[in-house]
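# Coordinate analysis (summary)
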Amino acid sequence: MTTRTRILTGITTTGTPHLGNYAGAIRPAIVASRDSNADSFYFLADYHALIKCDDPLRIQRSRLEIAATWLAGGLDVDRVTFYRQSDIPEIPELTWLLTCVAAKGLLNRAHAYKASVDKNVETGEDPDAGITMGLYSYPVLMAADILMFNAHKVPVGRDQIQHVEMARDIGQRFNHLFGQGKEFFTMPEALIEESVATLPGLDGRKMSKSYDNTIPLFSSAKEMKDAISRIVTDSRAPGEAKDPDNSHLFTLFQAFATPAQADEFRSELLQGLGWGEAKNRLFQLLDSELGESRERYHHLIERPADLEDMLQHGAKKARAVATPFLNELREAVGLRSFVAQTQVAATTKKKAAKAARFVSFREDDGSFRFRLLAADGEQLLLSRNFADGKTAGQVAKQLQAGQALDVRSEDLSFSVWLEGECVGDSPAFADSAARDAAVEALRIALTPVQE
Ligand code: TRP
């Protein structure tokens, strides 16, 4: 069996997708999801949207529009897992578990937070003026999005690379603290699509809502046409040769044309095609490429109940992964049922009493050590190094002699002492309860059995 690559990305729901979003992120993501090797998780990052926007109507509208855009663009919800972040209660739960291991110093370094602080300082404000805990903790929520589903690849823009790195950092810390050798979280990698062009906007700068230079995607043919008519060109008259390589109108055309169509358009421009006519050609191209999707889009927007169903279906698929995984994580940090825990402690006792065993071995440096293993193989103690096998054997024997054990707990592990000397250490346990259970198991294992 081959494991598919899990590709996961989120879309913050604060706006309406424009042509630049479509060519730069949506279209390539939909294409990537058709790869038989890809297991794609795409979601509406609506919890993230709340960080930037306190207008409920806009949040709601944007979620609907973004969902409809992806589906109209050809996303197949049976093939991918498409859901709203806010439909997965495991995500905020995991966010808290991660918050408790995330270093504050790490989050202090996040670009978005730092930029806000810098701006405040520049304008003589309090450094934290207007900064919410949402903005500050943004990377932890994003880490939960990614780690919850053990994504391998995370397609993002360059501004998000740091967040993916923070997810690795936080995930690693959790693995280290609670994994006991097991890697709960896969280390994600940011995927930067170098070949995907960022589309220029009407004025030639990067197409972006913040520059107010966008071309709408699915609103209406008329709005698209109006926007295209506002594309800034040079002042060359019809009949004068145009320079396609210095024309963002040509760049826009190229992003949606076949190579043959682009070549033809290029030679027409070189031969003096007027800008008015050129804009017309661009509109015709976009309309033929996107017209059908636009219809699907409006069809979907008019049926919000259908969209709701599709997203609920997606949430169900996502939770089939998230619920059992979060249960495992809760266990790991010590949020366990009292009933289950008593049972674990009881069986540990029984097993330990039954068949704890010493296993001695020789280190590369020639010294001798032993392990004390519980019946289930769990290591209770690893001895220090002894110069020879005889000493090691004597220590093991002394431990079983039935005298009161000198066990010293420190943090999440313990050590065992004989005559004022440390002779062995336990591994690190997930929490102090697990540590205490192991001490108990050790005592029982070392109590001579009277038969
Ligand atoms: N922060 C991302 C952005 O603004 C959106 C996002 C939220 C995301 N969670 C994510 C992207 C998880 C990738 C993976 O673009």
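In short, a report on the structure. Just so you know, these numbers come straight off a predicted model, no measurement behind them. (Residues numbered from 1 in each chain as written. Predicted model: local features only at pLDDT ≥ 70, side-chain atom pairs only at ≥ 80, totals over all residues. Heavy atoms only, no water.)

## Comments concerning the pairing of strand β11 (residues 421-425)
Of the pairings in the sheet, the one linking strand β8 (residues 379-383) to β11 comprises two bridges and is antiparallel in character. Following the sheet pairing, S383 is matched in β11 by G424. As judged from the four bridges shared by strand β10 (residues 413-418) and β11, these two strands associate in the antiparallel manner. In the sheet register, S415 faces β11, and the bridge partner there is D425. Turn length for the β10-β11 hairpin, with the two strands adjacent in sequence and antiparallel, is two residues, and the turn residue E419 shows positive phi of about 50°. (Pairing = 2+ DSSP bridges. Helix = DSSP H or I, 4+ residues; strand = E, 2+ residues; numbered from the N terminus.)

## Here's the deal with the site of the ligand
Around the ligand, a shell composed of 14 residues is seen, among which G10, T12, Y138, D145 and Q160 lie nearest. Contact distances for the ligand include 3.3 Å between an oxygen atom and a side-chain N or O atom of T12. Within the side chain of Q160, one N or O atom sits 3.0 Å away from a nitrogen atom of the ligand. Expressed as a share of its isolated accessible area of 370 Å², the protein-covered part of the ligand is 88%. Those elements that place two or more of their residues in the shell around the ligand are β1 (5-12), β2 (38-45) and α7 (133-148). Here the residues of the shell around the ligand sort into eight nonpolar, five polar and one charged. (Near = heavy atom within 4 Å. Polar contact = N/O pair within 3.5 Å; in protein donor to acceptor, adjacent residues only side chain to side chain. Areas by Shrake-Rupley, 256 points an atom, 1.4 Å probe, with all protein chains shown as cover. Nonpolar A, V, L, I, M, F, W, Y, C, P; charged D, E, K, R; others polar.)

## Looking at the packing of aromatic side chains
By the definition in use, this model includes 19 aromatic pairs. An angle of 15° between the planes, with centres 5.3 Å apart, marks the rings of F43 and Y83 as stacked. Here F43, found in strand β2, pairs with Y83, found in strand β3 (residues 81-84); they are 40 residues apart in sequence, far enough to count as distant. For Y83, a relative accessible area of 0% corresponds to the buried category. For the ring pair Y83 and F149, a centre distance of 5.6 Å and an interplane angle of 55° mean the geometry is tilted. Of this pair, Y83 sits in strand β3 while F149 sits in the loop between α7 and β4 (153-155), and the two are 66 residues apart along the sequence. In terms of burial, Y83 and F149 fall into one category: buried. By the ring-pair criterion, three or more aromatic residues cluster together here, those being F174, F178, F184, F185 and F325. Over the aromatic face of Y211 sits the side chain of R205, whose NZ or CZ is 4.1 Å from the ring centroid. The positively charged end of R408 is found above the aromatic ring belonging to W417, 3.8 Å away from the centroid. (Phe/Tyr/Trp six-rings, centres within 6.5 Å; stacked < 30°, edge-to-face > 60°. Buried < 20%, exposed > 50% of the residue type's maximum accessible area, 1.4 Å probe, protein only. Lys NZ or Arg CZ within 6 Å of the ring centre and 35° of its normal.)

## Considering the nonpolar core
General note: in soluble globular proteins, nonpolar side chains tend to be found buried as a group. One finds L19, W70, F82, I215, F256 and L290 to be the most contacted residues of the largest nonpolar core, which totals 53 residues. The biggest single contributor to this core is helix α12 (residues 275-301), with 10 residues. Here this core spans two domains, since at least three of its residues come from each of domain 1 (5-198 + 303-333) and domain 2 (218-296). Residues in contact with L19, not counting those within four places in the same chain, are L199, M207, I215, P216, L217, L252, F256, L286 and L290. Membership of the second largest hydrophobic core comes to 48 residues, among which are L107, Y138, A144 and A318. (Core = buried A, V, L, I, M, F, W, Y, C linked by side-chain atoms within 4.5 Å. Domains from an automatic or database assignment. Contact = heavy atoms within 4.5 Å.)

## What to know about the pairing of β8
Bridge count between strand β7 (residues 368-373) and β8: three bridges; the pairing is antiparallel. For L372, the partnering residue across the bridge sits in β8 and is L381. If you look at the hairpin formed by β7 and β8, you'll find five residues sitting between the two strands, and G377 has a positive phi there, around 90°.

## A short note on unusual backbone geometry
One non-glycine residue, D411, adopts positive backbone phi at about 55°. Position of D411 relative to the elements: it lies in the loop between β9 (406-410) and β10. In the Ramachandran plot, E419 falls in the positive-phi region, its phi being about 50° despite a non-glycine side chain. Looking at where E419 falls in the secondary structure, it is placed in the loop between β10 and β11. Given a relative accessible area of 70%, E419 falls into the exposed group.

## Quick word on the sheet that holds β8
Across the sheet, six strands lie side by side as β6-β7-β8-β11-β10-β9; this open sheet has antiparallel pairing. Across the chains shown, the open sheet's two edge strands, defined by having one partner strand only, are β6 (357-362) and β9. Sheet twist, expressed as the average angle between the axes of neighbouring strands with direction ignored, equals 30°. Relative to β10, β9 runs antiparallel, the two sharing five bridges. The partner of S409 across the bridge, within β10, is F414. The strands that helix α15 (residues 389-399) touches are β6, β7, β8, β10 and β11; relative to β7, the one it contacts most, it runs at about 30°. (Axes fitted to C-alpha atoms, helices over the stretch in contact; angles between N-to-C directions.)

## Concerning the environment of A237
When you line up the elements, A237 lands in the loop between α9 (221-229) and α10 (248-256). Residue A237 is classed as partly exposed on the basis of its relative accessible area, which comes to 33%. As for A237 and G274, which are separated by 37 residues in sequence, their C-alpha atoms are 6.4 Å apart.

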